[in-house]
Every structure is written in structure tokens, then in C-alpha cells.
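# Structural description and commentary
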Amino acid sequence: MNYAWLPSSTVMFVSMFVTISLTLIGCSPESSEYQHPNGIIYCSEGNPVSFNPQLDTSGTTVDVSSHQIYDRLLDFDLVTGEIISGLASSWMTSVDGLTYTFQLRKDIAFHSTGYFTPTRSFDADDVVFSFNRWRDKNHPYHDVSGGRYPYINSVGLGDLISDIKRINRYRVEITLVRPESSFLANLATDFSIILSAEYAEKLAAAGTPDLIDTHPVGTGPFKFNSFRQDRYVRFDAHPKYWRERSTTQQLIFDITPSSSLRLAKLMTGECDSMAFPTHSQLDIIRKRKELTLDEKPGLNVGFWAFNTTRPPFDKPEVRRALAMAIDKNALMEAIYFGSAIPATSIIPPSSWAFQPDTRSSTFNPLAAAKLLRENGVEEGFSMTIWAMPVERAYNPNAMKMAELMQRYLRNVGIDANIVSYEWSTFRARLNQGLHDSVLIGWSADNGDPDNFFRPLLTCSAIDSGTNRARWCSKEYDKLIDQALNYTAQEDRAYFYSKAIELINEQMPLMPIAHAFRYQAYRDNVTGIEINPYGGIQFRNVSKQ
């Protein structure tokens with residue numbers, strides 16, 4: 001390779017990791033097994049927790065499952081954000097906003113795999129099964145694989161639906177307990193997937209119901225082939241897929257946690273696309289003529305959440321003081337390198353609910369120290385900052401950010417210890433509320449602002465694991481619920497502005513940044529689009 005155009009330090013960096021990569025290629029028994037002339041290899045960052053996104057909100061799980069294996073009743077247009085038809089060809093809403101009737105498409109084939117051969121196509125029974133699994137606690141599949149449905153529970157979707165009926169084989173009627181303007185948007189998210197009721201019946205009869213989430217069956221463009229922990233996930237094309245799709249015959253998620261090694265594999269062609277290029281890699285990718293880097297403003301927010309159930313973080317004054325101790329502008333320069341904008345609230349500027357006049361916390365270490373002492377937090381107080389072990393667009397380097405914050409907190413008499421675990425363990429312990437504070441964030445699943453306000457901070461989102469601050473405010477919940485009683489944006493925006501005021505006053509979390517999203521791939525690959533509303537989609541991706 002010719003690296004003449006690169007600085008010497010970069011040449012060393014690239015050469016080192018290309019060498020590592022080539023060494024690994026030579027040692028890997030799977031390397032030749034991967035190769036397929038019409039195959040796409042995507043270097044992903046970690047192992048999925050499940051192959052059912054109903055059970056996990058992790059971006060890793062969503063990327064590998066939601067749009068590859070499954071379809072939804074509705075989808076989002078990735079350009080306009082409009083809700084468009086999916087497995088439902090059309091839908092009607094009653095005048096009172098309580099009843100939705102969905103007309104389903106006919107002749108939609110489920111995957112035929114080595115472990116399941118469907119005898120019928122998709123119909124109303126599959127919708128009723130898929131929705132009742134998460135909304136009905138007495139459903140025989142509700143507790144399979146743990147019985148936790150974090151996104152569904154965080155937005156209260158299960159409690160919103162009072163009934164779901166099979167009208168005929170291709171028509172379903174859903175009745176709500178109250179009108180809610182975000183209902184259709186939630187049906188178009190990554191998590192409202194449709195499972196096969198026939199497959200579920202077969203597994204239940206065999207006494208192996210949990211296989212529904214580890215050996216998945218859907219109607220999506222790719223069908224599951226195999227999974228090796230820490231190595232790869234392999235998919236084959238679904239030959240009877242109902243929508244137009246690319247000629248890609250095989251899709252591999254090559255699990256490569258190291259971002260440097262992912263880049264090396266992309267450069268050598270071992271991977272066709274890579275997840276989460278770091279900000280220090282962006283210029284390297286831009287300068288490589290055989291690589292393409294796409295970027296878009298992200299519907300996301302990175303934040304520092306305080307565990308409001310633990311003293312002294314149960315005091316708003318302490319949380320505000322800690323926020324004042326941190327120089328957010330310095331974090332922006334050190335972590336995001338110009339690829340994000342500072343956040344003043346949890347709502348990004350691209351949302352219609354964004355409040356441009358919102359004032360964020362101001363860096364003032366003297367005032368922070370004074371407020372801490374006034375509230376009983378003495379010099380030498382010790383706390384933890386949990387830092388994600390994985391890169392995310394909203395926070396590409398949580399560990400480095402924690403180290404910087406550690407120094408700022410030391411200046412106000414706080415001894416901060418950084419905690420991190422393997423990603424699955426990290427999230428499991430976080431769900432138990434073992435943290436004092438955590439650097440984490442949120443990427444929107446749809447364009448509705450409720451998708452930020454409700455899962456991040458409502459009381460019901462605590463048990464679902466998306467409310468990392470574990471903050472419960474009846475006043476806040478009332479504002480969020482009231483907003484959904486209206487359909488006009490200006491009416492809803494009023495309640496959201498009040499919610500933002502309350503968040504800034506109570507400071508359950510400190511918003512840090514809204515980051516751009518990036519997607520890197522080789523120039524012989526076409527059809528990759530950055531999905532602003534969730535996981536990556538390979539349906540239209542091809543390789544020349």
C-alpha cells in the first residue's frame with residue numbers, strides 16, 4: 001500500500017493495524033468460510049444480546065436483528081421521516097382516535113430455515129401473537145427469555161393497548177385506552193417487529209420456546225444462518241422476500257470490538273463496511289480513495305446521568321453542583337473533535353420540540369464547590385462514574401470523557417472512580433441501579449419527541465432500564481402524558497418546554513452533546529444509508 005500522503009505517525013498506525021489484521025486473517029479458520037462473491041461483510045462492534053429487539057434496546061442487538069431478520073407493520077421513510085406502509089398496506093383511525101384498523105399484505109413469506117419450514121404466509125395471527133407477547137403478562141410467551149421488553153415498557157405501549165382483534169385473516173383492529181399521537185410512530189420503531197406465530201406454536205409443542213429468540217424466524221430480507229460468540233453472525237438472503245432488495249446473497253456481521261482493527265479490516269477489504277469509526281479515524285477514511293464516509297446530523301443525545309435514588313445524588317442541588325463542575329466545552333473539543341454540538345437539553349435541534357432558548361449548566365467550579373459544601377458533600381467525597389466500554393455516536397469515547405471529568409471533579413473536592421465492565425455486564429449492573437452516575441446516551445427510534453422524553457426520564461421507564469437516572473417525578477410524567485393528548489405540534493411543544501424547564505431545574509442528567517452519525521464503507525459498495533431512526537439496514541446494499 002502507498003501511504004506517502006499520510007503523516008508518518010499515521011503511516012505507523014495504519015501499518016501496525018493492517019499487519020495485525022493480515023496476521024489474524026491468516027490465523028482465522030473462518031476467513032475463507034466468510035467469502036462469498038455476492039456477500040457483504042460488516043465489521044460490527046460486539047455480540048448481540050438477543051436476536052429479538054423486543055428484548056433489548058442495545059444498538060448492537062438492534063443492528064444485527066431488527067431490519068435484517070424482521071419487518072414491522074409500519075416503517076419510516078429514511079429521508080422524510082414520514083410513516084409509511086410495511087407489512088400493513090394501509091390503516092385507518094377512528095374519529096375518536098381510539099381504534100386503528102390495519103389491512104395486512106398477502107402472500108408474505110416467513111423464512112424457511114434448517115430448523116423451521118413454514119406452512120403458511122404472514123397473517124393476522126402473527127400480529128396478534130407478536131403484540132400480545134409483550135403486552136399480556138399471562139401470554140404463554142410473555143416470560144420466555146426473561147419477560148423484559150425495555151423499549152415497549154419504557155414508552156408504555158403495552159398499557160396503552162386495551163385490545164387487539166383478528167377481524168379476518170388480513171385485517172387487525174387495535175383499540176387504545178386513550179388517544180395517543182405517538183402510537184403509529186411507535187409501531188414503526190425497530191422494536192415493533194412481527195414474529196411467526198406458527199413457529200412459536202411448534203417450539204412450544206417441542207418444549208423449546210426460548211429458541212424463538214436465539215434461532216429467529218421473520219419475514220425480513222435475510223434469514224439467520226449461524227452465530228459464533230465473539231466471531232460472527234451469518235445470514236443468507238431470503239429468496240422469497242416481498243420487497244425489492246439487492247442481489248446480496250450473504251450477510252456477515254464480523255464481530256470486531258477494536259475500532260482500530262475494524263478500520264484495518266475495512267482498508268484491506270476484509271470488511272465492506274464498519275461500525276462506529278472513531279473521530280480520530282475520520283480524516284484517514286476521508287483521504288482513502290477506495291473508502292467512502294457518509295455523515296448526517298444525529299437524532300441523539302449523550303449525557304451524564306445521576307442515580308437519583310442514591311444519596312447525595314437524590315438532591316437536585318448536588319446534581320446541579322456536579323454539572324457546574326464540568327467544562328462541557330472542553331469535553332466537546334477532546335471527545336468529539338467538531339463532530340457534535342453541545343446539548344442544552346435532551347432534545348436535538350433537528351426535532352420540532354427543540355427549545356432554542358434553553359440555557360444549560362454553566363461551568364463554575366467555585367460555585368459548584370460552594371453548593372456541594374452547603375449540601376453536605378465534604379472534601380474527599382467519593383463517587384463512581386460508570387463509562388461505557390463501547391463506542392456510540394452520542395459518546396465515541398466514554399472512558400476518556402470520564403477521565404477528563406475525574407480531573408474536573410477533583411478540583412471541587414470529589415474523588416471520582418471510573419467503573420466499566422464488558423458491555424452486557426455493564427448494562428445488566430446498570431439496570432440494577434448499582435451506579436452513582438453513568439456516561440451513556442440515547443439515539444431516537446422515531447422522529448417523535450416523546451421518544452426522548454418518555455424512555456429517558458418517566459417513572460415507568462425505570463423498570464425498563466432506559467431511565468438511567470432512575471428519576472421519578474409525577475409532575476414530569478403529567479406533562480409528558482398531557483403532550484400526547486394533542487395532535488398540533490404547537491400545543492405539544494408547550495408541554496415539552498415545561499418538561500425541559502423541569503429537567504434543567506432538577507438535573508437528573510446533564511445533557512452533553514448531539515453528535516453526527518457516520519458510516520464508512522468501501523467504494524464498491526452501494527445502498528448504505530444512515531438510518532436516523534434506528535438500526536442499520538442492508539436490504540438495498542450491494543457490492544460491485
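Here, the structure is the one placed above.
Residues numbered from 1 in each chain as written. Predicted model: local features only at pLDDT ≥ 70, side-chain atom pairs only at ≥ 80, totals over all residues. Heavy atoms only, no water.

### Some points on the state of the cysteines
- Evaluated as defined, the whole model comprises two disulfides.
- The disulfide bridge from Cys-43 ends at Cys-271, spanning 1.9 Å between sulfur atoms. Measuring the twist about the S-S bond at about 55°, one finds the Cys-43-Cys-271 disulfide to be right-handed. Here the residue Cys-43 occupies a position in strand E1 (residues 39-44), and Cys-271 occupies one in the loop between helix H10 (259-268) and strand E11 (273-274), the gap between them amounting to 228 residues.
- Judged by its relative accessible area of 0%, Cys-271 falls in the buried class.
- Here Cys-459 engages in a disulfide with Cys-472; their sulfurs sit 2.0 Å apart. Taking the sign of the torsion about the S-S bond as the criterion, the disulfide between Cys-459 and Cys-472, at about 95°, is right-handed. In this pair, Cys-459 sits in the loop between helix H17 (450-457) and helix H18 (461-464) while Cys-472 sits in the loop between H18 and helix H19 (474-483), placing the two residues 13 residues apart along the sequence. (Disulfide = S-S within 2.5 Å. Helix = DSSP H or I, 4+ residues; strand = E, 2+ residues; numbered from the N terminus. Buried < 20%, exposed > 50% of the residue type's maximum accessible area, 1.4 Å probe, protein only.)

### Observations concerning the pattern of salt bridges
- Using the criterion set out here, one finds 24 salt bridges in the structure.
- Where Glu-45 meets Arg-392, a salt bridge forms, and the shortest distance between an N and an O atom there is 3.2 Å. Placement of the pair is Glu-45 in the loop between E1 and helix H3 (59-69) and Arg-392 in the loop between strand E15 (381-387) and helix H15 (398-410), with a sequence separation of 347 residues.
- Judged by its relative accessible area of 6%, Glu-45 falls in the buried class.
- The network of salt bridges with shared partners includes Asp-71, Arg-72, Asp-75 and Arg-243. (Salt bridge = Lys/Arg side-chain N within 4 Å of Asp/Glu carboxyl O.)

### Regarding the side chain of Asn-375
- Within the secondary structure, Asn-375 sits in the loop between helix H14 (365-374) and E15.
- Exposure remark for Asn-375: the relative accessible area of 14% places this residue in the buried category.
- Engagement of the side chain of Asn-375 in a polar contact is seen with the backbone oxygen of Leu-371, the distance being 2.8 Å.
- Residues in contact with Asn-375, not counting those within four places in the same chain, are Lys-315, Glu-317 and Val-318. (Polar contact = N/O pair within 3.5 Å; in protein donor to acceptor, adjacent residues only side chain to side chain. Contact = heavy atoms within 4.5 Å.)

### Let's talk about the pairing of strand E13 (residues 300-306)
- By the criterion of burial, E13 is predominantly enclosed, with seven of the seven residues buried.
- Every second residue of E13 is oriented toward a common face, with Asn-300, Gly-302, Trp-304 and Phe-306 on one face and Val-301, Phe-303 and Ala-305 on the other, all of them buried.
- Bridge analysis of E13 against strand E17 (residues 437-443) gives seven bridges, and the strand direction is antiparallel. By the bridge assignment, Trp-304 is partnered in E17 with Leu-439.
- Here E13 runs beside strand E18 (residues 509-522); their pairing, made up of four bridges, is antiparallel. Pairing of Ala-305 across the sheet is with Leu-509, part of E18. (Pairing = 2+ DSSP bridges.)

### What about the sheet that holds strand E4 (residues 88-93)?
- Spatially, the four strands line up as an open sheet ordered E4-E5-E7-E6, and their pairing is antiparallel. Across the chains shown, the open sheet's two edge strands, defined by having one partner strand only, are E4 and strand E6 (161-168). For this sheet the average axis-to-axis angle between neighbouring strands, irrespective of direction, equals 20°.
- Relative to strand E5 (residues 99-104), E4 runs antiparallel, the two sharing five bridges. For Thr-93, the partnering residue across the bridge sits in E5 and is Tyr-100.
- Across the face of the sheet, helix H4 (residues 124-135) comes into contact with E5, E6 and strand E7 (171-176) while running at roughly 165° to E6. (Axes fitted to C-alpha atoms, helices over the stretch in contact; angles between N-to-C directions.)

### Thoughts on the pairing of E15
- Burial analysis of E15 places five of its seven residues in the buried class, which makes it a mostly covered element.
- At this point the chain moves from E15, through H15, to the parallel strand E16 (residues 414-419), and the crossover so formed is right-handed.
- Strand direction decides the pairing type here: E15 and E17, joined by three bridges, are parallel. Along E17, the bridge assignment pairs Ile-385 with Ser-437. (Right-handed = clockwise from strand over helix to strand, strands pointing away.)

### Quick look at the packing of helix H12 (residues 316-324) against H14
- Where H12 meets H14, the axes come as close as 8 Å, and the angle between the chain directions of the two elements is 155°. Compared by their axis directions, H12 and H14 come out roughly antiparallel. When you trace H12 past H14, the crossing you get is left-handed. Contacts from Glu-317, Val-318, Ala-321, Leu-322 and Met-324 of H12 reach H14 at Pro-365, Ala-367, Ala-368, Leu-371 and Leu-372.
- Along the lines of polarity and charge, the residues of the contact of H12 with H14 split into nine nonpolar, no polar and one charged. (Parallel < 35°, antiparallel > 145°, perpendicular 65-115°, else oblique. Left-handed = near helix turned anticlockwise from the far one by under 90°. Nonpolar A, V, L, I, M, F, W, Y, C, P; charged D, E, K, R; others polar.)

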